[in-house]
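A structural walkthrough
Below, each chain spelled out in residue letters.
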Amino acid sequence: MPHHAERPDAKPLSTSLSPGGILVDNAAALIATLVGATILTATVIADRLNVLDVRISNRLAAAGTDQLDTVFRALTELGGGPIVLPLAGICAAVAWRRSPPLGAAILLAVAARYGMEGLLKDGIGRDHPTADRVIEATGYSFPSGHVFGATVGWGLVPAAVRAVTDQSAPWRAAVGTWAVIVALVATSRVYLGVHWFTDTLGSVLFGLLVLALLDVAGRSKAPQPVAAGHTADEGD
């Protein structure tokens, strides 16, 4: 009997596992991210972007209200360890059931994130903002741990989705959710007065590089999901 036409969202995905896949597929994007992260780090060390950081922080502080304080206090937790670590564990477990090497690649990405974050924080030693703080912060400021955590942690969700389905719609929805959450967490850290804008920008750039490593390590190990509308014992 003839097969039914496939739904538009049932077409196989690209080889990308995570949002960092664009850096693996596009050399120009990879070079731009590497150069951008390097230049940003150098200018932070040299205090060349302090005026921009202060201006952005002051504008967000001027827009502050008690209601926004409450909202951003909640949103910032989306990048905190109590959320992103269990999330990473779930993503690794989901991927592991289909492909243990892919699950291991996800765990490797989590370890790389913490290692890179620690090296940058201790190596640069940038102080947190001191004015207009809504909450307190400890340690060093660059890069933002919450934004780094959101970028990598929520960026693992598309990889887990990729492990279980070849439909494009769920994967794209996961990537879209990732982008929104990263933007909200980044805004919250500056609004709450615990990070500079450039701290959050650096976190996104370095987080994308970590996700690119995940793609490189995981692509050859990713399982091939059964296409929508088919079962493993279904003949042609």
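All chains use their own residue numbering, which begins from 1 and follows the written sequence. Local features in this predicted model are restricted to residues of pLDDT 70 or higher, and side-chain atom pairs are both shown and tallied only at a pLDDT of 80 or more, whereas totals for entire chains, interfaces and linings draw on every residue. For the side-chain quantities, the full set of heavy atoms in the structure was used; hydrogens and water were omitted.

**Looking at the pattern of salt bridges**
- Any Lys or Arg side-chain nitrogen located within 4 Å of an Asp or Glu carboxyl oxygen qualifies as a salt bridge. Here the structure, examined in full by the defined rule, presents four salt bridges.
- Where D53 meets R126, a salt bridge forms, and the shortest distance between an N and an O atom there is 2.8 Å. With D53 in helix α3 (residues 50–62) and R126 in the loop between α6 (100–124) and α7 (145–153), this residue pair connects regions lying 73 residues apart in the sequence. Take D53 and R126: they sit in the same class, and that class is buried.
- Here R126 ties to D199 by a salt bridge, and the two come within 2.7 Å at their closest N and O atoms. With R126 in the loop between α6 and α7 and D199 in helix α10 (residues 197–218), this pair connects stretches of sequence that are 73 residues apart.
- For every residue, the accessible area (1.4 Å probe, protein chains only) is compared with the maximum for its type, and the residue is labelled buried under 20%, exposed over 50%, or partly exposed between those bounds. Classification of D199 by relative accessible area gives buried; the value is 0%.
- Linked by salt bridges that have partners in common, D53, R126 and D199 make up one network. Under the scheme used here, helices are H or I runs from DSSP no shorter than 4 residues and strands are E runs no shorter than 2 residues, and both carry numbers assigned from the N terminus.

**Observations concerning the packing of helix α8 (residues 156–164) against helix α9 (residues 168–191)**
- Across the interface, α8 lies against α9 with an axial gap of 8 Å and an inter-helix angle of 170 degrees. Viewed along their axes, α8 and α9 adopt a mutual orientation that is roughly antiparallel. Residues V157, P158, V161 and R162 of α8 pack against P170, W171, A174 and V175 of α9.
- We call Asp, Glu, Lys and Arg charged. Ala, Val, Leu, Ile, Met, Phe, Trp, Tyr, Cys and Pro are nonpolar, and the rest, Gly among them, are polar. Looking at the contact of α8 with α9 residue by residue, the classes come out as seven nonpolar, no polar and one charged. Note on method: axes are straight lines fitted to C-alpha atoms, helices fitted across the in-contact stretch only, with angles between N-to-C directions ranging 0 to 180 degrees. The labels follow the angle: roughly parallel below 35 degrees, roughly antiparallel above 145, roughly perpendicular from 65 to 115, and oblique for the rest. Should any heavy atoms of two residues lie within 4.5 Å, those residues are considered in contact.

**Examining the confidence of the model for the protein chain**
- Per residue, pLDDT measures the predictor's confidence, with a range of 0 to 100. Across the protein chain, the average pLDDT comes to 88, with 87% of residues at 70 or higher.
- A low-confidence stretch, residues 226–236 stays under pLDDT 50, and its non-local contacts, those more than four residues away or across chains, total ten contacts.

**What about the nonpolar core?**
- One finds I106, W154, L156, F206 and L214 to be the most contacted residues of the largest nonpolar core, which totals 41 residues.
- Sorting the residues of this core by element identifies α2 (27–45), α5 (81–98), α6, α7, α8, α9 and α10 as the ones contributing at least two each.
- Sort the elements by how many residues they give to this core and α10 lands first, with eight residues.
- Leaving out residues up to four positions away in the same chain, W154 has contacts with L78, I83, V84, L87, G149, W178 and I181.
- Throughout this description, the term nonpolar core refers to a set of buried Ala, Val, Leu, Ile, Met, Phe, Trp, Tyr and Cys residues connected via side-chain atoms within 4.5 Å. In terms of nonpolar packing, the next biggest core, distinct from the first, is built from six residues, F72, A137, Y191 and V194 among them.

**Brief notes about α5**
- A helix is expected to span 1.5 Å for every residue after the first. A rise of 1.5 Å per residue sets the reference length of α5, with its 18 residues, at 26 Å; its end C-alpha atoms lie 26 Å apart and thus fit the reference within 8%.
- Three or more residues of α5 are buried, namely V84, L87, A88, C91, A92 and A95. Projection of α5 onto a plane perpendicular to its axis shows the buried side chains occupying an angular sector of 135 degrees, all on one side. Facing away from the buried side of α5 by over 90 degrees, the exposed positions are P82, I90 and R97.
- Buried residues along α5 sit in contact with α6, α7 and α8. This arc is taken over the directions from the axis of the helix to the C-beta atoms.

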